[in-house]
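One-letter residues, chain by chain:
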Amino acid sequence: MLDYKDWKPADLRALIREGGLDAPTAGMCSGYAQGNLVVLPEALAYDFLLFCQRNPKACPLLEVSDAGSRTFPVFGRGSDIARDIPRYRVYEDGVMTGEYQDVSALFDKKEQEGIRLVSFLIGCSFSFEADLLEAGIPVRQIEEGVNVPMYKTNIPCVPAGRFFGNMVVSMRPIPHRLVPAAAAITAGMPRVHGAPVQIGCPEAIGISDLTHPDFGDMVTIREGEVPVFWPCGVTPQNVVMSSKPSFVITHAPGHMFITDVKNAELRL
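The paragraphs below set out a description of the structure included in this document. Throughout this description, residue numbers start from 1 for each chain and increase along the sequence as written. Local features in a predicted model are, by the rule used here, given only for residues with pLDDT of at least 70; side-chain atom pairs are given and counted only at 80 or more, and totals for whole chains, interfaces and linings are based on all residues. Hydrogens and water are ignored here; the side-chain numbers use all heavy atoms of the structure.

Some details on the pairing of strand S4 (residues 95-100)
Part 1 of the reasoning: With 5 bridges connecting them, strand S3 (residues 88-92) and S4 associate as antiparallel partners. In the strand pairing of S4, Arg89 is matched with Glu99.
Part 2 of the reasoning: Two strands pair under a simple rule: DSSP has to find at least two bridges between them. Only DSSP runs of H or I with at least four residues qualify as helices, and only runs of E with at least two residues qualify as strands; both kinds are numbered from the N terminus onward. Taken together, S3 and the strand that follows it, S4, pair antiparallel across an intervening segment of 2 residues, in which Asp93 is found at a positive phi of about 55 degrees.

Topic: the side chain of Arg140
Part 1 of the reasoning: Within the fold, Arg140 resides in helix H5 (residues 140-144).
Part 2 of the reasoning: What qualifies as a polar contact is a pair of N or O atoms within 3.5 Å, subject to a donor-acceptor requirement within protein and to the restriction that residues adjacent in sequence count only when both atoms come from side chains. Among the polar contacts made by the side chain of Arg140, one reaches the main-chain carbonyl oxygen of Thr220 at a distance of 2.7 Å.
Part 3 of the reasoning: A polar contact is formed between the side chain of Arg140 and the side chain of Glu225, at a distance of 2.6 Å.
Part 4 of the reasoning: Not counting residues up to four positions away in its chain, the partners in contact with Arg140 are Pro173, Val219, Thr220, Ile221, Arg222 and Glu225. Any two residues whose heavy atoms approach within 4.5 Å at even a single point are treated as in contact.

Structural notes on the sheet that holds strand S6 (residues 150-156)
Part 1 of the reasoning: Here 4 strands make up an open sheet; going across it, the order is S6-S7-S9-S8 and the pairing antiparallel. Edge positions in the sheet fall to S6 and strand S8 (198-199), since each has one partner strand and no second.
Part 2 of the reasoning: Here an angle of 0 to 180 degrees is reported between the N-to-C directions of two axes, which are lines fitted to C-alpha atoms, with helices fitted over the stretch in contact. Of the strands in this sheet, strand S7 (166-175), S8 and strand S9 (225-231) are in contact with helix H6 (residues 179-187), which crosses S9 at around 15 degrees.
Part 3 of the reasoning: Along the sheet face, helix H7 (residues 235-243) touches S6 and S7 and points at about 150 degrees away from the line of S7.

Some points on the state of the cysteines
One way to say it: the disulfide is the covalent bond shared by the sulfur atoms of two cysteines.
Part 1 of the reasoning: To count as a disulfide, a pair of cysteine sulfur atoms needs to be within 2.5 Å. In total, this model carries 0 disulfides according to the counting rule given.
Part 2 of the reasoning: With no disulfide of its own, Cys59 has Cys52 as its nearest cysteine by sulfur position, at a separation of 4.7 Å.
Part 3 of the reasoning: Among the residues examined, Cys59 registers a relative accessible area of 1% and is labelled buried. Burial here depends on accessible area, computed with a 1.4 Å probe over protein chains only, as a share of the maximum for the residue type. Under 20% is buried, over 50% is exposed, and the range in between is partly exposed.

Written out as structure tokens, the structure reads:
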């Protein structure tokens, strides 16, 4: 597969829009922030906005579209929310009903039904990985060319309106001596999940088997490394499965919206 590390975000979004890329986006457009997507009917937008406000570590909100709009004008000028992500998931009444590379027909269908959709862009931990790499901290899923492992936890989110459920975390194995540096670097980027929520003890947050992630792929944990867990933007998908709203579009785990905003702009 081509190395997309040095591509510009607008160029990569154009390639995705043309159907030329269907892969996890970790390591792509190095230096630029990536985001998770949640799209839902306008009638549910206030409840979800409140949910994000009450759960800023799991759902750090970057931008909200106008109702009926298909673009993020601040984080992706000229973007098309319905076509600029490599893969989407659709949930109906809490059940995933399909994966798509293009959801523009679903946007059109809802508009014809008189339902305006609102899109939420949520910070993604892929955005702090460039800082980890620059500090000499390994990022295993980039090394191995796979998706980051993600796990459901027993950590409850604060409910809001009709939305409730538990946090999802992403895991990266970090050499023991580098764990303090990894925690400090990521703590300085709260808009992309910030500091870890657990270090070295997965069972404390309800994870019984690291070898079987709930989303993504398992990565190698080497001798002398510690599993470190960060809040994850797949949390809304877990919440959708718990609270069962009628219709939601999300990104497929690991397949992100690549923004025009530099990671450096999201640091404290």
